[in-house]
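# Architecture at a glance
Below are the chains, spelled out letter by letter.
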Amino acid sequence: MGFPDRYDHRETESRLQELWAREQTYAYNPHDTRPLFVVDTPPPTVSGEIHIGHVYSYVQAEAIIRFQRMQGQNVYYPFGFDDNGLPTERYVERTRTLRAREIGREAFIAACLDASREVEDRFEHFWQGLGMSVDWRLRYSTIDPQARQISQWSFLDLFHKGRIYRAQAPNPWCVECQTAIAQAELDDAERQTTFYTLAFPIATDQTDHEPGLTIQIATTRPELLPACVAIFVHPEDARYAAFIGRSAQVPLIGRQVPILANPDADPAKGTGAVMCCTFGDSADVTWWREYQLPLIALITRDGRLSTDAGAYAGLRLPEARQRILADLAISGALIEDRPSTQTVRIHERCKTPIEILETKQWFIRVLDLKQELLAAGRQIHWYPEYMRTRYEHWVENLGWDWCISRQRFYGVPFPVWHCQSCGGVVLAEEAQLPIDPLLGSPPAACVCGSTDLRADTDVMDTWATSSVSPLIAALRWGSDTRPIAERVADSRLLPMQLRPQAHDIIRTWAFATIVKHLLHFGQIPWETIMISGHALARDGSSIHKSLGNSPIAPATLIERYGADAVRYWACSGSLSADQPVNEEEMRQGVRLCAKLWSAARFLAGFEYMGDSDTIELLPSDTALRSWTQRMVMRATEQYRRYEYAAARATAERFFWDVLCDYALEWSKSRLYDGTAAQRAAALYVLREAMLATIQVLAPIMPHITEEIYQRLFSQAGKSLHTSMWPALEPTRVIPEAEQIGEALMAIGAAVRRFKTAHRLGIGTRLTSLIFHAETEALQEMLPRILPDIQSLTRAADVRFAALGEGESDMILLGLRLAIER
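Described in the following lines is the structure provided in the data block.

Thresholds applied
- Residues numbered from 1 in each chain as written.
- Predicted model: local features only at pLDDT ≥ 70, side-chain atom pairs only at ≥ 80, totals over all residues.
- Heavy atoms only, no water.
- Core = buried A, V, L, I, M, F, W, Y, C linked by side-chain atoms within 4.5 Å.
- Buried < 20%, exposed > 50% of the residue type's maximum accessible area, 1.4 Å probe, protein only.
- Helix = DSSP H or I, 4+ residues; strand = E, 2+ residues; numbered from the N terminus.
- Contact = heavy atoms within 4.5 Å.
- Phe/Tyr/Trp six-rings, centres within 6.5 Å; stacked < 30°, edge-to-face > 60°.
- Lys NZ or Arg CZ within 6 Å of the ring centre and 35° of its normal.
- Axes fitted to C-alpha atoms, helices over the stretch in contact; angles between N-to-C directions.
- Parallel < 35°, antiparallel > 145°, perpendicular 65-115°, else oblique.
- Nonpolar A, V, L, I, M, F, W, Y, C, P; charged D, E, K, R; others polar.
- Pairing = 2+ DSSP bridges.
- Disulfide = S-S within 2.5 Å.

## A short note on the nonpolar core
Counting 131 residues, the largest nonpolar core has Trp127, Leu130, Tyr639, Leu659, Met690 and Ile708 as its most contacted members. Element by element, the count of residues in this core is highest for helix H19 (residues 644-673), at 14 residues. Leave out the neighbours within four places in its chain, and Ile708 touches Phe3, Leu596, Trp597, Ala600, Met690, Ile694 and Phe713. The next biggest cluster of nonpolar side chains, apart from the first, holds 71 residues, and it includes Leu156, Cys419, Ala455 and Ala464.

## A short note on the packing of aromatic side chains
Counted according to the given criterion, the structure contains 37 aromatic pairs. On the basis of an interplanar angle of 50° and a centroid distance of 6.0 Å, the ring pair of Phe81 and Phe123 is categorised as tilted. With Phe81 in strand S3 (residues 80-81) and Phe123 in helix H5 (residues 105-129), this residue pair connects regions lying 42 residues apart in the sequence. The class for Phe81 is buried, based on a relative accessible area of 0%. Note on Phe123: relative accessible area 1%, which makes it buried. Between Phe126 and Trp127, the ring centres sit 5.3 Å apart and the planes meet at 70°, which makes this aromatic pair edge-to-face. For the pair shown, Phe126 and Trp127 are each scored as buried. Between Arg687 and the ring centre of Tyr608, over which it is positioned, the NZ or CZ distance is 3.8 Å. Between the NZ or CZ atom of Arg752 and the centre of the ring of Tyr662, over which it lies, the distance is 4.6 Å.

## Description of the packing of helix H18 (residues 619-640) against helix H22 (residues 735-757)
Look at H18 against H22: their axes get within 8 Å of each other, and the N-to-C directions meet at 105°. Of the possible angle classes, the one that applies to H18 and H22 is roughly perpendicular. Here Pro619, Ser620, Thr622, Ala623, Ser626, Trp627 and Arg630 of H18 come into contact with H22, specifically with Pro735, Ala737, Glu738, Ile740, Gly741, Glu742, Leu744 and Met745. For the contact of H18 with H22, the per-class residue count stands at 8 nonpolar, 4 polar and 3 charged.

## Remarks on the sheet that holds strand S8 (residues 214-219)
Taking strand neighbours across the sheet as the criterion, the 3 strands line up as S8-S7-S13 in an open arrangement whose pairing is antiparallel. Looking at strand neighbours, the two that pair on one side only are S8 and strand S13 (334-347), the edges of this open sheet. Each adjacent strand pair in this sheet contributes to an overall mean axis angle of 25°, direction not counted. Of the pairings in the sheet, the one linking strand S7 (residues 186-201) to S8 comprises 6 bridges and is antiparallel in character. Counterpart to Phe200 in the pairing with S8 is Ile215.

## A look at the state of the cysteines
Applying the stated criterion to the full structure yields 0 disulfides. This cysteine, Cys419, is not joined by any disulfide, and Cys448 carries the nearest cysteine sulfur, 3.7 Å off. Overall, Cys419 belongs to the buried group, its relative accessible area being 4%. Distance from the sulfur of Cys571, which forms no disulfide, to the nearest cysteine sulfur (Cys593) is 13 Å.

## Concerning the environment of His54
Note on placement: His54 falls in helix H2 (residues 52-70). Overall, the relative accessible area of 9% leaves His54 in the buried class.

Here it is as structure tokens:
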């Protein structure tokens, strides 16, 4: 199998991808008795196009998976798509210019399913083009029947264990998406706002000697005035000590509210007095509960003011603010306004500031599990280790149980019917799953005897289904129809070995998966979690589909530079580190591919007679074998520590600085003009070094390494990626031989400097070299590597003189070297 003059990534990559698919190179074998390496792959959301940020994180994980496969592990590597829930709904509404609530539930779900299939097929084609070593037979989506079955089973199991409850409670709400959201879906955003100082008259009676008193309150949300139910001040704030226990009148509204003392009121913020409205923020919720204050449901689900707003009822929030401010100014209650910067909680999906509404939702009880969740996190190996702290901070600061219900159409429905007589619930049986309660029938009447049952119309939060991704992935294999708990108990695939994911979803996906598996099975879902960073746009911001800020389509980069070069860039950033998109790094990947091809093509030009124990190696050959082994040992340890970027650098330095710059050069004389034995020895160690190089680079650059392997090393079409990793043989590390090799490299470097200083080409022949060996070892070894010295330096005459003889030009590594043109 010959070598073309140049490496063509366009032809080679597509051909190899077809070969891998045809030969099922990456297929999982359930009968393989080798140790398992099972991966819980992050299913990307079906809400747009794949961007370069996806490539950055997915390639890093896939490099580790390829390494584990070459370590002799039986790899189970499925791939999923997260296509249920709000992100897909918003994608469909945006791209098909329709609104869910306008076309109806059934038609909208059909549109979402159709869009999901189309996007997922496109995504799979892209990932294959990137060289992902996925077993595509195991592809799943979070809306497919099995995923819905497992998600609904999870709900039933936790309900029976007393972990799920439904309650009318204050909860974050997005008025744009018109659904409840969980604490984990909240982000912080800084915005410019205005502090409005309002005068609240102090209520007077017949004994009041100071009529006309007011208490001033600074607020950024005057539109919440109709929901004001109390005023709070710090108990030690002397300004308001005389007001505590009295009442104030809400301007425009006329309602009298109590003035109460609480240490959480910050005297340094605003005027030090704060109004409590139902609800402006989580502090309002806390005070409302603690003091059993009235509930005024001011904001409706679509972001308008309710009838409790009186004259302002029906206004959208921005309009209500302007109307109320105008009326406050007319009444004289608006004392001052000043610009300010404010941090607000927003919905991470649509970036809309959230409201807090009292609605009836399904919750998973987690607040009592903080210690168990912390302990579970400490059983998992985190790479990098410090990312576990981010998980622990999230757990320690949880303030809400996990709200898992959403008021949308496209998702996994709750397998529940509500009794209209007694308010109880009827649950589906596992044998009915998956089920849509709006279309299916309850298994029995309510315990009260009533058959007047109404299907639950909410769907599960997307994280409630993604959190069982290990089960969805593991149970893809086989056709077992037993109850899910039995199948999980017997599965060899759980717990899994690896969860790769980005750092921004530790609070959502990592947390939710740990919660589910702890509650279901009392164990962790995976042994190791690998945390990636983000690719960065030109302005330094993280690249996200929702922001549309990817500087260039990844397919364009693959076409321009090749998948291996793009993967080369992706593996330049260390774990959890954010990295700019760098096309110069990709061009360096192209140069590496070209140099690998050139070196392999050179070696292919010599007939290789096979390995032999009788080959007599020169000290320079032994040095190269020793350096090769050091490279393999160092890179192996780096991969094991998930330091793929360091492993790449280790292999690359060895290839460029040792193999190409020196070893290939010093061996050419023997390869072209040496005896058969000399040629065999040189070719043996060079091929060994080349093979080790492509093996170590294979997890990162699978195409160029496979092509070289097939042309130079393969027998019977075996793939490099299912071959064994190079052996770790510390006995091959021989420091004494390396000293000779270092001396040879130093000679070569000195001669190159001499030629450069004298403006001579590197290939220019020299008249003579005279060596003055300063140690007996060097004196004995140098003549043995005479062919390599001549090959490296292009010197016609090489002499080994006694110390002091001849003219010395420079001292290096125990040598005195004289050079003559």
